[in-house]
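The lines below spell out each chain.
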Amino acid sequence: NGDTGDVACDHYHRWAEDLAIMKRLGLKSYRLSLSWPRLFPQGRGQLNQAGLDFYSRLIDALLESGIRPFVTLYHWDLPQALQDQGGWAVRSTAEAFVEYTAAVTRRLGDRVKHWITHNEPSVAAINGHFNGAHAPGICDPTLVMPVAHHLLLSHGWAVPVIRQNCPGSQVGISLNINWNETASNSAADLADARFQGGIWIRWYLDPLYGRGYPSDVIQDAVGMGALKDESLSFVRPGDMQAIQV
């Protein structure tokens, strides 16, 4: 529709006004999301110092105001250079995420004590790669499961890095959990509730708690053509142990 994110809420320029509003509201904490493309325009390599300086100033001002920063590392904005290489559908993006995490936490970890690796990975996987509603706007069901796995894997790899760079900090992941009650106890409604709960909730919670990927969701994915078979070829030895942190 010709829409752009060029200005949006303009927090980059108006953060001091926003902070004044937070103080008037009496907020004790503020969750913010870092922009990976702002900090590493190519996804990895050279850090954009101006981008880091912005976040550093914001965090200092929050702390001076008695407001604890809760920092999210990835909120759906992947550097275009990494998307051009395959995005979250390829394993190298998870590796790049760990490099990005290491660089950021080394520089901000002396002040930030609450970290979130990913915001709602299910939304990035499903809305970004199944129905194309979110970036990167892809409609390819065969990408959903690999994308979800690499998002979870990057979380598992990043957590020990954050703990090392930020001793005593709290680390987590924000999941999109929409619980739905069925309209009836019909077999069709119950089956749909199981399916929806599987692809949105259990596919993420189960591996995080060491249960692996739910077998019924794997079978559903094979049945709808999202997976060729139940082998999950994108999962390598040690991956599931890494995710369970």
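To be clear, the structure that these remarks concern was listed above.
Residues numbered from 1 in each chain as written. Predicted model: local features only at pLDDT ≥ 70, side-chain atom pairs only at ≥ 80, totals over all residues. Heavy atoms only, no water.

Engineer: Help me out: how do you make sense of the sheet that holds strand β2 (residues 68–74) in this one?
Structural biologist: As a general point, the strands of a sheet are linked pairwise by backbone hydrogen bonds and lie either parallel or antiparallel. The strand order across the open sheet built from four strands is β1-β2-β3-β4, with neighbouring strands paired in parallel fashion. Since the sheet does not close on itself, it has two edges, and those belong to β1 (29–33) and β4 (170–174), each with one partner. Adjacent strand axes in the sheet meet at a mean angle of 25 degrees when their direction is disregarded. Both β2 and strand β3 (residues 114–119) contribute to a ladder of four bridges, which runs parallel. The partner of F70 across the bridge, within β3, is H114. (Pairing = 2+ DSSP bridges. Helix = DSSP H or I, 4+ residues; strand = E, 2+ residues; numbered from the N terminus. Axes fitted to C-alpha atoms, helices over the stretch in contact; angles between N-to-C directions.)

Engineer: Can you walk me through the nonpolar core in this structure?
Structural biologist: Burial of nonpolar side chains together is a common tendency in soluble globular proteins. Membership of the largest hydrophobic core comes to 63 residues, with the highest contact counts inside it found for L34 and W36. Per element, the largest residue contribution to this core is nine residues, and it comes from helix α7 (residues 141–165). In contact with W36, not counting residues within four places along its chain, are P41, G43, Y74, D77, L78, P79, L82, W88, T93, A96, F97 and Y100. (Core = buried A, V, L, I, M, F, W, Y, C linked by side-chain atoms within 4.5 Å. Buried < 20%, exposed > 50% of the residue type's maximum accessible area, 1.4 Å probe, protein only. Contact = heavy atoms within 4.5 Å.)

Engineer: Would you explain the layout of surface pockets in this entry?
Structural biologist: Where empty space is left can be seen by rolling a probe of water-molecule size over the atoms. Taken as a whole, the largest pocket holds about 290 Å³ of empty space. In terms of lining, the largest pocket is formed by 13 residues, of which the most central are V7, D10, H11, Y12 and R38. Where the lining of the largest pocket is concerned, the elements lending two or more residues are α1 (11–25) and α3 (49–64). Sort the elements by how many residues they give to the lining of the largest pocket and α1 lands first, with three residues. Its residues assigned to classes, the lining of the largest pocket shows six nonpolar, four polar and three charged. (1 Å grid on protein atoms, 1.4 Å probe; cavity = no way out; pocket = protein on both sides within 12 Å on 5 of 7 lines; lining within 4 Å. Points joined across faces, edges and corners; volume = space filled by probe spheres on them. Nonpolar A, V, L, I, M, F, W, Y, C, P; charged D, E, K, R; others polar.)

Engineer: Looking at this structure, I do not really get the side chain of R111. What am I missing?
Structural biologist: With respect to the secondary-structure elements, R111 resides in the loop between α5 (91–108) and β3. Here R111 falls in the buried class, since its relative accessible area comes to 19%. Side-chain polar atoms of R111 contact the side chain of D60, separated by 2.9 Å. Setting aside residues up to four positions removed in sequence, R111 forms contacts with S56, I59, D60 and L63. (Polar contact = N/O pair within 3.5 Å; in protein donor to acceptor, adjacent residues only side chain to side chain.)

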